[in-house]
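Okay, here's what each chain looks like letter by letter:
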Amino acid sequence: MVVGDLAQEVDVVVVGAGPGGYVAAIRAAQLGKNVVIVDKDEVGGVCLNRGCIPSKAIISASERLMHIREASHVGIEVSGDVTVNMPKLIEWKNGVVKKLTGGVSQLLKGNKIEVAKGEVYFTGPNSLRVMTDDSSQSFKYNDVIIATGSSPAELKILPFDGKRILSSTEALNLQEVPKRFVVVGGGYIGLELGTAYAKLGAEVTILEGTKSLLPGTEGTLTKMVTRKLKKLGVTIVTEAMVQGGEVNGEEVTVRATVKGEEKSFVADYALVSVGRKPNTEEIGLDNVGVELDERGFIKIDKQCKTNVSGVYAIGDCAGGALLAHKASYEGKIAAEVLAGMNSVIDYQAMPFVIFSDPEIAYTGLTEEQAKEEGYEVVTSRFAFAANGRALSMESADGFVQVVAEKETKQLLGVQIVGPEASSLISEAVFAIEMGANAEDIALTIHAHPTLPETFMEAAEGILGHAIHMVNKK
Ligand SMILES: Cc1cc2nc3c(=O)[nH]c(=O)nc-3n(C[C@H](O)[C@H](O)[C@H](O)COP(=O)(O)OP(=O)(O)OC[C@H]3O[C@@H](n4cnc5c(N)ncnc54)[C@H](O)[C@@H]3O)c2cc1C
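Residues numbered from 1 in each chain as written. Predicted model: local features only at pLDDT ≥ 70, side-chain atom pairs only at ≥ 80, totals over all residues. Heavy atoms only, no water.

### Details of the site of the ligand
The environment of the ligand is made up of 37 residues, and the closest members are Gly20, Asp39, Lys56, Val120 and Ala324. Pro19 places a main-chain nitrogen or oxygen 3.4 Å from an oxygen atom of the ligand. In the environment of the ligand, an oxygen atom lies 2.9 Å from a nitrogen or oxygen atom belonging to the backbone of Val46. Look at the ligand: alone it shows 1000 Å² of surface, and the protein chains cover 97% of it. Among the secondary structure elements, those contributing two or more residues to the shell around the ligand are α1 (19-30), α2 (45-50), α3 (52-69), β4 (119-124), α6 (188-200) and α8 (324-338). (Near = heavy atom within 4 Å. Polar contact = N/O pair within 3.5 Å; in protein donor to acceptor, adjacent residues only side chain to side chain. Areas by Shrake-Rupley, 256 points an atom, 1.4 Å probe, with all protein chains shown as cover. Helix = DSSP H or I, 4+ residues; strand = E, 2+ residues; numbered from the N terminus.)

Below is the structure:
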């Protein structure tokens, strides 16, 4: 480390180039700020390099395989074996990632943002050092946006070894389809990867500590996913408390207490996906003086401000929903606030998406939450089984549910489980954002035959005049 090197002065430093950081940097540059963004790794953060994008690529490849396997049902017959070339699949996935990270680099360059590569260490509230193995650079800034993200949480009793006991990062880079794959933790990350590997041919077991998969997500939505997993041959073990495990050669054994009984699960690989921890340790935050909560997340207000003036935090390291679009949204707010705008966070219509099979997506309030908040509610549910497009796609499991306020019919929340729920939720997000009521949706002409017609029908159901289902009296 070079002590006493001359610090470069800039308006804004963004620490971390994930979906929070790079979006914040671009927005700040658009608003006329001179910006430096720092990352010790590739730009794009977890989401592009070892999260959203690679997982969706593997999921989409596994779905393609399922479509081929099940094609005879619709009269397409494949003769000969259908095999999976895992190294090639991973290479293709890496290509997708590379295209996107390359795009982010271009955008940063196009917005005249300086990218500094190295590990950040704060030396004070307005200064930091960026270090690599053989260099050190110092910056002084007016404002800093901390966007250091999160890392996989480790189970002390079953620590990652990167070879047989994997975090999601290694599980996205396997060079073979596991014969047996144990997933510890039935949250969305474990479920998405477990489903993909089951489709690629692995015998998958999911161990979940609580009573059902996807804790925190409404039971009516998860029920359909659980049913499909069982159909795929996935073993779901709930109320399973992992006690430890060990690696023996090319095998891993996970020991758990299941409803009071000791059980062992043997597999080629175990994925431990039990949560994420914020990257707020060992970066010198003590020198900044920002307050953390009891789990180590940086405390922020509705404008992404920390307790220290000029210091903002966004994305996973600031807690809340650990989702890429939430990080990017906060990135824009933080950049606008430091540039003098009066932007404020509003999560009312934030979408939550799980790329399960079928997909789950929801926004706003569930019926229960709406009642808890004191609303009188009316709900309506339209099944994909009555939608021509879903039937023609051979993908008609699930429903769209609309929750509205009884008197005004204003939309309070929408829950979807079914084909392309991840895309369908956008219309609901927009509707709630615009304060739409059921009539606004019902009066909007939806193209036929398309999946979004289900949303129109569910909204018509709120008004008691859906056409393609019998309305509630
Ligand atoms: C397997 C998986 C699948 C996921 N799928 C989805 C999905 O489908 N949809 C969704 O919305 N979200 C998904 N997520 C979550 C999503 O990836 C995160 O919410 C998102 O990446 C958070 O963005 P961020 O900018 O806050 O931080 P990150 O993406 O974590 O980026 C933080 C960056 O900071 C850098 N950094 C950290 N410390 C330092 C330091 N000291 N010095 C320099 N640089 C540093 C890191 O190298 C990293 O690049 C998934 C996550 C995983 C693991």
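Let's pick the thread back up.
### Describing the packing of aromatic side chains
Applying the stated criterion to the full structure yields three aromatic pairs. Note on Phe181 and Tyr197: the rings are 5.0 Å apart at their centroids and 55° apart in plane angle, and the pair reads as tilted. With Phe181 in strand β9 (residues 180-184) and Tyr197 in helix α6, this residue pair connects regions lying 16 residues apart in the sequence. By the burial criterion, Phe181 is buried, and Tyr197 matches it. Judged by centre distance (6.2 Å) and plane angle (50°), the rings of Tyr329 and Tyr347 are tilted. A residue pair is termed long-range when its members are at least 10 positions apart, and Tyr329 in helix α8 and Tyr347 in the loop between α8 and β18 (352-354) qualify at 18 residues. (Phe/Tyr/Trp six-rings, centres within 6.5 Å; stacked < 30°, edge-to-face > 60°. Buried < 20%, exposed > 50% of the residue type's maximum accessible area, 1.4 Å probe, protein only.)

### Points about the nonpolar core
When a protein is soluble and globular, its nonpolar side chains tend to lie buried together. Counting residues in each nonpolar core, the largest one holds 37 residues, and the members touching the most others are Phe181, Leu191, Tyr197, Val204, Ile206, Leu229 and Ile360. Breaking this core down by element, the ones donating at least two residues are α3, α4 (86-110), β9, α6, β10 (203-207), α7 (219-231), β15 (269-272) and β19 (359-364). Ranked by the residues each element gives to this core, the list is headed by α6, at six residues. When neighbours within four sequence positions are excluded, Tyr197 is seen to be in contact with Met86, Ala171, Leu174, Pro178, Phe181, Ala202 and Val204. Counting residues in hydrophobic clusters, the runner-up holds 29 residues, among them Val12, Tyr22, Val23 and Cys304. (Core = buried A, V, L, I, M, F, W, Y, C linked by side-chain atoms within 4.5 Å. Contact = heavy atoms within 4.5 Å.)

### Regarding the state of the cysteines
One covalent bond between the sulfur atoms of two cysteine residues makes up a disulfide. With the rule as written, the count across this model stands at one disulfide. Note on cysteine connectivity: Cys47 is disulfide-linked to Cys52, with sulfurs 2.3 Å apart. Residues Cys47 and Cys52 are joined through a disulfide that is left-handed, its torsion about the S-S bond being -125°. Here Cys47 falls in the buried class, since its relative accessible area comes to 10%. Free cysteine Cys304: the closest other cysteine sulfur is in Cys317, separated by 10.0 Å. Under the relative-accessibility criterion, Cys304 is labelled buried at 0%. Since its relative accessible area comes to 0%, Cys317 is described here as buried. (Disulfide = S-S within 2.5 Å.)

### Some details on the sheet that holds β18
Strand-to-strand pairing in sheets goes through backbone hydrogen bonds, with the strands running parallel or antiparallel. Taken together, five strands build an open sheet; the order of strands is β18-β19-β22-β21-β20 and the sheet is antiparallel. In this open sheet, the two strands that pair with only one neighbour each are β18 and β20 (377-383). Sheet twist, expressed as the average angle between the axes of neighbouring strands with direction ignored, equals 10°. Examined bridge by bridge, β19 and strand β22 (residues 411-418) share six bridges and lie antiparallel to one another. Paired with Tyr362 across the bridge in β22 is Gln415. (Pairing = 2+ DSSP bridges. Axes fitted to C-alpha atoms, helices over the stretch in contact; angles between N-to-C directions.)

### Things to note about a positive patch on the surface
On the surface, a cluster of positive charge is contributed by Lys223, Arg227, Arg381 and Lys472. Structurally, Arg381 can be placed in strand β20. (Patch = residues over 30% accessible without salt bridge, like charges linked within 9 Å, V, L, I, M, F, W, Y side chains within 5 Å. Salt bridge = Lys/Arg side-chain N within 4 Å of Asp/Glu carboxyl O. Lys, Arg positive; Asp, Glu negative; His and termini not counted. Charge placed at Lys NZ, Arg CZ, Asp CG, Glu CD.)

### Notes on the UniProt feature "domain: FAD/NAD(P)-binding" (unreviewed entry) in the protein
Mapped onto this numbering, the UniProt entry gives "domain: FAD/NAD(P)-binding" (unreviewed entry) at residues 11-331. Along residues 11-331, the helical share is 31% and the strand share 27%, with 16 Å between the first and last C-alpha atoms. (UniProt positions renumbered as here; feature names shortened; annotations may be inferred.)

### Some thoughts on the domain arrangement of the protein
Partitioning the protein into domains gives domain 1 (8-152 + 277-339), domain 2 (165-274) and domain 3 (351-463). Using only C-alpha atoms to locate each centre, domain 1 and domain 2 end up separated by 27 Å. In this complex, domain 1 contributes 22 residues to the contact, which on the side of domain 2 involves 16 residues. The junction of domain 1 with domain 2 conceals about 1500 Å² of combined surface from both sides, 68% of it contributed by carbon and sulfur atoms. Notably, a salt bridge pairs Glu63 with Lys199, separated by 3.9 Å at the nearest N-O pair. Counting across the interface, domain 1 meets domain 2 through three residue pairs in polar contact (both at pLDDT 80 or more). Of all the secondary structure elements, the ones that give two or more residues to the side of domain 1 that touches domain 2 are α3 and α4. At ten residues, α3 tops the list of elements feeding residues into the side of domain 1 that touches domain 2. Of the residues that constitute the side of domain 1 that touches domain 2, the class distribution is 13 nonpolar, four polar and five charged. (Domains from an automatic or database assignment. Buried area = accessible area lost by both parts, 1.4 Å probe. Nonpolar A, V, L, I, M, F, W, Y, C, P; charged D, E, K, R; others polar.)

### Quick look at the packing of α3 against α6
Their axes nearest at 8 Å, the elements α3 and α6 cross at an angle of 35°. Every pair of crossing elements has a handedness; the one defined by α3 and α6 is left-handed. Of the residues in α6, those in contact with Ser55, Lys56, Ile58, Ile59, Ser62, Glu63, Leu65, Met66 and Arg69 of α3 are Glu192, Leu193, Ala196, Lys199 and Leu200. Counted by class, the contact of α3 with α6 contains seven nonpolar, two polar and five charged residues. (Left-handed = near helix turned anticlockwise from the far one by under 90°.)

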